[in-house]
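These are the residues of each chain, in order.
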Amino acid sequence: SRGLGDVYKRQLFHFEGANGSTTFTDESGKVWTPSGSCQISTTDPKVGAACGLFSGGRISTPGTDTLAFGTGDFTIAFWFKTSQNSASAGAPPRVIAQGSGANNLAGTLQVWRNDANAIYGTVNGITLADPVGMNNYISDVDVAINDGLWHHIQFCRQSGVAYAFLDGALRTTRSSTHNLSRAVSDGVSVGGGPSGVAAVASIDELLMLKGVALNTTSFTPPTAPYTWP
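Residues numbered from 1 in each chain as written. Predicted model: local features only at pLDDT ≥ 70, side-chain atom pairs only at ≥ 80, totals over all residues. Heavy atoms only, no water.

Student: Let's hear about the nonpolar core: which residues, and what values?
Tutor: Membership of the largest hydrophobic core comes to 39 residues, with the highest contact counts inside it found for Ile76, Phe78, Ile96 and Val111. When neighbours within four sequence positions are excluded, Ile76 is seen to be in contact with Phe69, Ile96, Leu109, Val111, Leu128, Ile153, Gln154, Phe155, Leu207 and Met208. Grouped together as the second largest cluster of nonpolar side chains are six residues, Leu12, Leu207, Leu209 and Tyr226 included. (Core = buried A, V, L, I, M, F, W, Y, C linked by side-chain atoms within 4.5 Å. Buried < 20%, exposed > 50% of the residue type's maximum accessible area, 1.4 Å probe, protein only. Contact = heavy atoms within 4.5 Å.)

Student: Tell me about the environment of Thr127, and name the residues and values.
Tutor: You can see Thr127 is positioned in strand S10 (residues 126–129). Between the alpha carbons of Thr127 and Val111 there is a distance of 5.6 Å; along the sequence they are 16 residues apart. Of note is the side chain of Thr127, whose polar atom sits 2.4 Å from the side chain of Asp140. (Helix = DSSP H or I, 4+ residues; strand = E, 2+ residues; numbered from the N terminus. Polar contact = N/O pair within 3.5 Å; in protein donor to acceptor, adjacent residues only side chain to side chain.)

Student: Give a description of the sheet that holds strand S3 (residues 33–35) that names residues and reports values.
Tutor: The pairing of strands in a sheet comes from backbone hydrogen bonds and takes either a parallel or an antiparallel form. With antiparallel pairing, seven strands are arranged side by side in an open sheet as S3-S6-S15-S8-S9-S10-S11. Edge positions in the sheet fall to S3 and strand S11 (137–141), since each of these pairs with one other strand and no more. Strand-to-strand, the axes of this sheet are offset by a mean angle of 20°, without reference to chain direction. Two elements, S3 and strand S6 (residues 58–61), share three bridges in a ladder whose sense is antiparallel. Looking across to S6, one finds that Pro34 is bridged to Ile59. (Pairing = 2+ DSSP bridges. Axes fitted to C-alpha atoms, helices over the stretch in contact; angles between N-to-C directions.)

Student: An account of the side chain of Ser86 is needed here, citing residue identities and associated values.
Tutor: Tracing the backbone through its elements, the reader meets Ser86 in the loop between strand S7 (74–81) and strand S8 (94–98). Looking at Ser86, the relative accessible area reads 0%, which means it is buried. There is a polar contact of 2.6 Å between the side chain of Ser86 and the side chain of Asn124. Setting aside chain neighbours within four positions, we find Ser86 in contact with Pro93, Arg113, Asn114, Asp115, Ala116 and Asn124.

In structure tokens form, the structure reads like this:
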């Protein structure tokens, strides 16, 4: 297992539980409410005995300072499996979203799969974005990942530089001064946004960590659960 220190604010989902359960436990104690088609699944998890299965639904929580990264350091990491073809989805499918998930004010963090109309990135890749203006993407996994296999996705920012990793390999590095502040006012969703296209995917071992970049160079993805002190 991989330990997390007490200094940083974080949300952590192991997605463990009974098959078909709609209880999604955040190790921080924050309550997340499911809507639409999403559940715990014991079929083909990546870590532990279960994973989250999102079939067009989402889980959401009200405004939280924990995920208001501001201009500081952060990490978002998760295992992800999909066969969804976002090239024909009509809009980028949201994996993590703040606010409406589509037309947001500056400072709104989004993790989405690139669709055919993306002005940057790779179709069916995955992008971290602040979706306002032409400078909206922060970091990008520039490889199509909709092959139905588990992939480890990680985005980090340290000292104004954003890093994107696929299966532990560093894919892109880019300067980022985006002020990602709107989690406090807008809330956060996983699996989709209140509007926009939802992801159809399995997600496992999701960590969102404020205040530290876990990696800035290539690494071996963890296959054991993160531990909570």
